[in-house]
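# Summary of the model geometry
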Amino acid sequence: LRSLFKIFTRKKDSEVISHSDELLNAEQLMKEGKLGDSLKEIEKLERKGELREEDRVGCSILKSSIFTSMGEEEKGLQLAEQALEMGRKLEAKERCIDANIAKADALYRLGRLENALKAIEEAESILETIPEKESTDFAEREAYLKHLEGTICWALGKLTLALEHLESSLKIREKLGNKKYI
């Protein structure tokens, strides 16, 4: 989510999105487990109508994650698929990666493991096309994808493959010094 927040506050065409405090508040509420309050903050921001299309995609991705975390996986899946479609139209690769991550998470929780793997594969293939993927944000995405892929492979009984993906995720997170997920 930190990478999504950075995108919202990034300068583009000499314009700064002025909603950073609201997004930071929504993110903090999510971290505190106050998912309903976080959702209200995001929806309030969307109603203002001042967001760029790419930022609307980001809001949909965040909402997808919230609904999935709240146990409303079908709604989370629907939002992730909408965000993915909008991201494709905008040719926003980062948004497509994040939408596929949200989609894969919802599908995993719904027990649609093979479809979740397809969403992960799409995210990974997009990630491979980004030249500046050396950044921490992309490494965090890659680590999350590898972890989710490993978890799904484990659930499918593909234990050797699961171990490979989980070890790959661990190596990335160790390199990043991300002790929370090590």
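All of these numbers come straight from a predicted model, not from anything done at the bench.

In terms of helices and strands, the chain carries nine helices and two strands. When the helices and strands of the chain are placed in sequence order, the string is α-β-β-α-α-α-α-α-α-α-α. Considering only residue pairs separated by 6 or more positions, the chain has 57% of its internal contacts joining residues 24 or more positions apart. By element, 48% of the accessible surface of the chain is carried by carbon and sulfur atoms, the whole surface being about 9,900 Å².

By secondary structure assignment, the location of Glu 46 is in helix α3 (residues 35-47). As for Glu 46 and Ser 60, which are separated by 14 residues in sequence, their C-alpha atoms are 9.6 Å apart.

What follows is about helix α6 (residues 93-109). Counted at 1.5 Å a residue, the expected span for α6 with its 17 residues is 24 Å, and the 24 Å between its end C-alpha atoms agrees. Among the 17 residues that make up α6, 14 are buried, leaving the element largely enclosed by the rest of the structure. Where α6 ends, the next residue or the one after it, Gly 111, has phi of about 85°, a positive value.

Any two packed helices are characterised by how steeply their axes cross, that is the angle between the axes, and by the distance between the axes. At a minimum axis separation of 8 Å, helix α5 (residues 73-90) and α6 run at an interaxial angle of 155°. With respect to each other, α5 and α6 are oriented roughly antiparallel. Where α5 crosses over α6, the two elements pack in a sense that is left-handed. Across the interface between the two elements, Glu 73, Gly 76, Leu 77, Ala 80, Glu 81, Ala 83, Leu 84, Gly 87 and Arg 88 from α5 touch Cys 96, Ala 99, Asn 100, Ala 102, Lys 103, Ala 106, Leu 107 and Arg 109 from α6. Partitioned by chemical class, the residues of the contact of α5 with α6 number nine nonpolar, three polar and five charged.

With that settled, the discussion passes to the pattern of salt bridges. Under the defined criterion, the tally for this structure stands at 12 salt bridges. A salt bridge links Arg 109 to Asp 105; its shortest N-O distance comes to 3.3 Å. Placement of the pair is Arg 109 and Asp 105 together in helix α6, with a separation of four residues, close to one helical turn. Judged by relative accessible area, Arg 109 falls into the partly exposed class, the value being 42%. You can call Asp 105 buried: its relative accessible area is 13%. Put simply, Glu 124 and Lys 146 hold a salt bridge, and the shortest N to O gap is 3.5 Å. Here Glu 124 is found in helix α7 (residues 113-128), whereas its partner Lys 146 is found in helix α8 (residues 136-155), with 22 residues between them in sequence. Lys 146 matches Glu 124 in its accessibility class, with the two residues each being buried.

Another point: the nonpolar core. Ranked by size, the top nonpolar core spans 29 residues in total, and within it Ile 61, Ile 97, Ile 120, Leu 145 and Ile 152 carry the most contacts. Excluding anything up to four places from it in sequence, Leu 145 contacts Ile 101, Ile 120, Ala 123, Glu 124 and Leu 127. Grouped together as the second largest cluster of nonpolar side chains are 12 residues, Leu 51, Cys 59, Ile 66 and Leu 79 included.

Following the sequence through the fold, Glu 149 ends up in helix α8. One buried charged residue, Glu 149, remains without a salt bridge, the closest side chain of opposite sign being Lys 146 at 4.1 Å. Sequence-distant contacts of Glu 149, that is, excluding residues within four places in its chain, are made with Leu 117, Ile 120, Glu 124 and His 165.

Backbone geometry at Glu 91 places phi at a positive 55°, although glycine is not the residue there. Note on placement: Glu 91 falls in the loop between α5 and α6.

About the cut-offs
- Residues numbered from 1 in each chain as written.
- Predicted model: local features only at pLDDT ≥ 70, side-chain atom pairs only at ≥ 80, totals over all residues.
- Heavy atoms only, no water.
- Helix = DSSP H or I, 4+ residues; strand = E, 2+ residues; numbered from the N terminus.
- Contact = heavy atoms within 4.5 Å.
- Areas by Shrake-Rupley, 256 points an atom, 1.4 Å probe, with all protein chains shown as cover.
- Expected span 1.5 Å × (residues − 1).
- Buried < 20%, exposed > 50% of the residue type's maximum accessible area, 1.4 Å probe, protein only.
- Axes fitted to C-alpha atoms, helices over the stretch in contact; angles between N-to-C directions.
- Parallel < 35°, antiparallel > 145°, perpendicular 65-115°, else oblique.
- Left-handed = near helix turned anticlockwise from the far one by under 90°.
- Nonpolar A, V, L, I, M, F, W, Y, C, P; charged D, E, K, R; others polar.
- Salt bridge = Lys/Arg side-chain N within 4 Å of Asp/Glu carboxyl O.
- Core = buried A, V, L, I, M, F, W, Y, C linked by side-chain atoms within 4.5 Å.
- Lys, Arg positive; Asp, Glu negative; His and termini not counted.

Take it as geometry only, folks, not as evidence of what the structure does.
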